[in-house]
Amino acid sequence: MTPTLFGRIQTRVVMILVLGFPWTVVITPFLPNPDSASLDDQYITMFTALLVVGVVGVGWECVYHGLQQFRWEKDWPTIFGLVVALPEGILTYLILNAGAPWDRRPRPGSFDPGSIPLSTFVPMFLTVWIIIWAFTNGPMQIFSLRWRFRGGRFDSNW
Amino acid sequence: MQTPVWSDVDIAQHQIPIIDTPFVSVGGGMGSLAMIDTLRIAGIPAESLTVLSDLGVPSQTYEYLANNSQIPREERLRSDSSSTIDCIWGWPGYALREAIAKRDPKPAIQVFAEPILTEYFTPQAGQVYESVRREAQRIGWERMLRRGVVRTVRRRREGGYFVIHTPSGETGTTQGRIAYRCHHVHVAVGYPGVRMLPDLQAYLTKHNDYARVVNAYQPHLHVYEEALKRPCTIVIRGAGIVASRILQRLIDDRDLGNANTRIVHLFRSYPDGPQGESLTFRRPARRGWAYQAFNYPKAAWGGQLRVQLEQLEGEERSKLIDDMGGTNTAPRADWKEQLDRGNAEGFYQQLVGTLSSIQPSGNGIETTIQQPSGAVATLEADFIIDATGLEAGIEEHRVLRDLVDYGGAQKNPKGRLDVERDFLVRGTESGTGRMYASGSITLGGYYAGVDSFLGLHYAALRIADSLAENGFGSKIGPVRSATQWWKWARNIPI
Ligand SMILES: Cc1cc2nc3c(=O)[nH]c(=O)nc-3n(C[C@H](O)[C@H](O)[C@H](O)COP(=O)(O)OP(=O)(O)OC[C@H]3O[C@@H](n4cnc5c(N)ncnc54)[C@H](O)[C@@H]3O)c2cc1C
């Protein structure tokens, strides 16, 4: 892929809405739930995770764009798209665990990394990531012919 | 007929039969395929499109040039997996298709890991040719194709254009003239011609010795045949992808065919160490070769470099194209190994300098090489191969020269056709008719990779969008795109 900064941000936001959101709706009831949280709470947590990936992701994209400048090709290799799931996953989990205002789970008061089970978060995060990664590395072009030429943008300017 | 605009009456007076067609693509090579494919997929019927070409199959000229420059069917090209000239969507790429066809996961793994853990995947020439034939058939190429030679494209007084065409018969003979009266024209005539380095051309003109001084783009198999029979000294000029191929062939023949060839590689400039003005714009160069995977950095086709180039004009644009491109070759481990080994064993020798004289001598050629240090070396060679890949100027193509002389077309800073960002040939509008161009004749414009499969698709898409804005067809939206892709995937004729 040869994204531009704006293309990166657009692709991320659109993919989270178009693929991440429905997938989260589908998969959340089937995620491991060691604390027997209610389905409502599960959904709130997972959608918050998605929101974090989207919002904090804009910052990540700026970092990636900066790193990309050191590549002659000014591209973003397929494999990078997978590898960055690790730092992004860790940060997302940490932020999620720190708690959102709408988070209804009991607060331990202080920072408690154990409060969201990793066994719930990891499968959700990884499946969303892989679906979006796989889609943007090919099938995307079936629907959006111009996307690859526009550096990942969807707006109608060439 | 030496007027910039023709009327229907002019044509009638010359008794040239007129055929009406809304759209003509001149050339019929890969660029025309990309254009016609895109328009057909956008929903324009075959009856509204005409391809005028001397070729029966769109990949024919390409195959000819690739074969000459030593890329037979089983060898791999330079462009990547997603540069699928038969598929405007670019997916599935050639790698995935090869993996499926050969039931071998390797190409798929390679395209996943490229270019970090592996080299870029590049498709085999044969796979590309077959895919072109399949797609041409699917979109009804035969129905749109009229074979022969295009003489002239002129503006029509009443709007649109006349394309004057001399059809070729079954036997290849060309006879008569036909005027295609059309609304829009697309010009994709490929290279206006190949060109030799001036010093080699001077030798050829003087001594008429086309056997010993050859161009890599022209047939020169006799060189390899001779080198297999007896020890030869062969001088190579050029340090681009073509030179890499020729060297591979010569060294393969040493390795596998027991040839005892001595290769002298003459460099005009000798980069050795990273090229580029800053940390964020730097490519490796080693022992005379500048390395990058493709003709330009990847982002020139669709990323930030495309955007950057689009914002530049004139000389500045021309300079960025040169800085991103210039002479370069692909960093392939097997090529590097061969050259390093040749260097160590002495059968591959590098010299920096210019040829100050070339003379026939006995069965060979005597050359004098002027080195930058001032030293002069003489060298007896059997053959000189010009692998610089030089192209002739647009004035050497009669249709293009005519466009500049009479059609209102202008030249860009690189001496090629001046085109807009959407590949409209500036100055050639005729009423509501529009003329577009794609391929190497547009180099120097707002897009660098014009002479590549992906670049031809880009141009085709931009032109199709521009035509749609002018009322010819409609833009391909997501639904049409997806349903048409499905037809492509199932090879359903359209
Ligand atoms: C050896 C070689 C290897 C290449 N490898 C790659 C690669 O790996 N990947 C990549 O993306 N690109 C590659 N390219 C670049 C580019 O994709 C090809 O050159 C491609 O064929 C360009 O398409 P085109 O339509 O511009 O020209 P062509 O395919 O050459 O088609 C133009 C056609 O127009 C015809 N024509 C010209 N004048 C007239 C006339 N007056 N009347 C009728 N017909 C006419 C010509 O005969 C020709 O057949 C390579 C080029 C070469 C030479």
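Chemist: Now, about the overall build of chain A: what can you tell me, with residues and values included?
Modeler: The helix and strand inventory of chain A stands at six helices and zero strands. For chain A, the α and β elements follow one another from N to C terminus as α-α-α-α-α-α. For 158 residues, the compact-globule formula gives about 15 Å, and the C-alpha radius of gyration of chain A, at 17 Å, lands near that figure. Along the three orthogonal principal directions, the C-alpha set of chain A runs to about 50 × 30 × 25 Å. The buried share among the 158 residues of chain A stands at 54%. Working note: accessible area of chain A is about 7200 Å², and carbon and sulfur atoms make up 75% of it. One finds the centroid of the 11 positive side-chain charges in chain A at a distance of 11 Å from the centroid of its 10 negative side-chain charges.

Chemist: Break down the overall build of chain B for me, citing the residues and quoting the values.
Modeler: Looking only at helices and strands, chain B features 17 helices and 21 strands. Relative to the 2.2 N^0.38 estimate, which gives 23 Å for 494 residues, the radius of gyration of chain B is 24 Å and therefore close to what a compact globule would have. Projecting the C-alpha coordinates of chain B onto the three principal axes gives extents of approximately 65 × 55 × 50 Å. Across the 494 residues in chain B, those meeting the buried criterion constitute 57%.

Chemist: Explain the interface of chain B and chain A to me, using residue names and the numbers behind them.
Modeler: Accessible area lost upon the coming together of the parts is a frequently used measure of interface size. Listed by partner, the interface residues are 48 residues for chain B and 31 residues for chain A. When the two sides are added together, the surface that chain B and chain A hide from each other amounts to roughly 3300 Å², 62% of it contributed by carbon and sulfur. In terms of surface lost to chain A, no three residues of chain B exceed B:W91, B:F112 and B:Q304, which account for 19% of the buried area on that side. Inspection of the chain B/chain A interface yields one salt bridge.

Chemist: Summarise the nonpolar core; cite the residues concerned and give the values.
Modeler: Residue and element names in this part refer to chain B. Of all hydrophobic cores here, the largest spans 98 residues; its most connected members are L39, I85, V153, V163, V185, V187 and M324. The leading source of residues in this core is helix α16 (residues 453-469), at 10 residues. Mapped onto the domain boundaries, this core takes at least three residues apiece from domain 1 (5-77 + 124-192 + 392-489) and domain 3 (293-327). Beyond its immediate chain neighbours, meaning those up to four positions away, V185 contacts V24, V26, V153, Y161, V163, R434, M435 and Y436. Of all hydrophobic cores here, the second largest spans 30 residues; its members include A216, V223, A239 and F347.

Chemist: Any details on the packing of helix α2 (residues 30-41) of chain B against helix α6 (residues 125-138) of chain B? Residues and values, ideally.
Modeler: Residues and elements named next belong to chain B. Closest axis-to-axis distance for the α2/α6 pair is 10 Å, and the angle between their directions is 40°. The angle between α2 and α6 falls in the class oblique. Considering only the axes of α2 and α6, their crossing is left-handed. Together, M30, L33, D37 and I41 of α2 and V132, E135, A136 and R138 of α6 make up the contact between the two elements. The residue inventory of the contact of α2 with α6, partitioned by class, reads five nonpolar, no polar and three charged.

Chemist: I'd like to hear about the pattern of salt bridges, residue by residue, with values.
Modeler: Per the counting criterion, the structure on display carries 40 salt bridges over all chains. A salt bridge links A:E88 to A:R12; the nearest nitrogen and oxygen atoms lie 2.7 Å apart. Of the two residues, A:E88 sits in helix α4 (residues 85-98) while A:R12 sits in helix α1 (residues 5-27), which places them 76 residues apart along the sequence. Residue A:E88 is classed as buried on the basis of its relative accessible area of 1%. The shortest N-O distance in the salt bridge between B:K319 and B:D323 comes to 2.6 Å. Residue B:K319 and its partner B:D323 are both found in helix α13 (residues 314-324); the two are separated by four residues, about one turn of the helix. On the accessibility criterion, B:D323 (26% relative accessible area) is partly exposed.

Chemist: An account of the side chain of B:S438 is requested, with residue identities and associated values reported.
Modeler: All names here are of chain B. Mapped onto the fold, S438 is located in the loop between β21 (435-437) and α16. At 2.7 Å, the side chain of S438 and the side chain of H186 are in polar contact. The contacts of S438, once residues within four sequence positions are left out, are G31, H186, V187, A188, L456 and A459.

Chemist: So what's going on with the confidence of the model for chain B? Residues and values would help.
Modeler: In this model, chain B carries an average pLDDT of 96, and 99% of its residues clear a pLDDT of 70 or more. Scored as a complex, the prediction yields pTM 0.96 and ipTM 0.94.

Chemist: Go over a nonpolar patch on the surface, please, and point to the residues and values.
Modeler: Residue and element names in this part refer to chain A. Nonpolar side chains collect at one region of the surface, where F21, V25, V26 and F30 lie side by side and expose about 400 Å² of accessible area between them. As for its placement among the helices and strands, V25 is situated in helix α1. By relative accessible area, which is 34% here, V25 ends up partly exposed.

Chemist: How would you sum up the packing of helix α9 (residues 221-229) of chain B against helix α10 (residues 241-257) of chain B? Please name residues and give values.
Modeler: Residue and element names in this part refer to chain B. Contact pair α9 / α10: the axes reach a minimum separation of 11 Å and the direction vectors enclose 30°. What the angle tells us is that α9 and α10 run roughly parallel. Between α9 and α10 lies a crossing of right-handed hand. Residue-level inspection shows L221, Y224 and L228 of α9 in contact with α10, the latter providing I246, R249, L250, D253 and G257. Looking at the contact of α9 with α10 residue by residue, the class counts come to five nonpolar, one polar and two charged.

The rules behind these values
Here, residues in each chain are numbered from 1, in the same order as that chain's written sequence. Chains carry letters from A onward and ligands carry numbers from 1 onward, assigned in written order. Owing to the predicted nature of the model, reporting of local features is limited to residues with pLDDT of at least 70; listing and counting of side-chain atom pairs is limited to 80 or more, with chain, interface and lining totals taken over all residues. Where side-chain values are given, they derive from all heavy atoms of the structure, hydrogens and water being excluded. For helices the rule is a DSSP run of H or I covering at least 4 residues; for strands it is a run of E covering at least 2, with both sets numbered from the N terminus onward. For the radius of gyration, the atoms used are the C-alpha atoms, and the globule rule reads 2.2 Å times the number of residues raised to 0.38. For each residue, the accessible area found with a 1.4 Å probe, counting protein chains only, is set against the maximum for its type, and the residue is called buried under 20%, exposed over 50%, and partly exposed in between. Accessible areas in this description were obtained via Shrake-Rupley with a 1.4 Å probe; residue shielding takes into account the shown protein chains only. Within this scheme the basic residues Lys and Arg register as positive and the acidic residues Asp and Glu register as negative, but His and the chain ends are omitted. By convention, charge coordinates are those of NZ in Lys, CZ in Arg, CG in Asp, or CD in Glu. Any two residues having at least one pair of non-hydrogen atoms within 4.5 Å are treated as being in contact. Buried area, as used here, totals the accessible surface that two parts lose on assembly, with accessibility defined by a 1.4 Å probe and the loss added over both. Any carboxyl oxygen of Asp or Glu that lies within 4 Å of a side-chain nitrogen of Lys or Arg is treated as forming a salt bridge with it. As used in this record, nonpolar core signifies buried Ala, Val, Leu, Ile, Met, Phe, Trp, Tyr and Cys residues forming a set joined through side-chain atoms within 4.5 Å. Domain delimitation follows an automatic or database domain assignment. Axes, fitted as lines to C-alpha atoms, cover a helix only where it is in contact. Angles between the N-to-C directions of the axes lie from 0 to 180 degrees. Relative orientations are named as follows: roughly parallel for angles under 35 degrees, roughly antiparallel for angles over 145 degrees, roughly perpendicular for angles from 65 to 115 degrees, and oblique for any other angle. Whether a crossing is left-handed or right-handed is set by the direction in which the near helix is turned from the far one by less than a right angle, anticlockwise for left-handed and clockwise for right-handed. Here the nonpolar group is Ala, Val, Leu, Ile, Met, Phe, Trp, Tyr, Cys and Pro; Asp, Glu, Lys and Arg are the charged ones; every other residue, Gly included, is treated as polar. Any pair of nitrogen or oxygen atoms within 3.5 Å is treated as a polar contact; in protein, a donor-acceptor pairing is required on top of that, and neighbouring residues in sequence qualify only through side-chain atoms on both sides. Along the chain, pLDDT gives the predictor's confidence residue by residue, from 0 to 100. Distance thresholds for patches are 9 Å for like charges and 5 Å for nonpolar side chains (Val, Leu, Ile, Met, Phe, Trp, Tyr), applied to residues having over 30% relative accessible area and no salt bridge.

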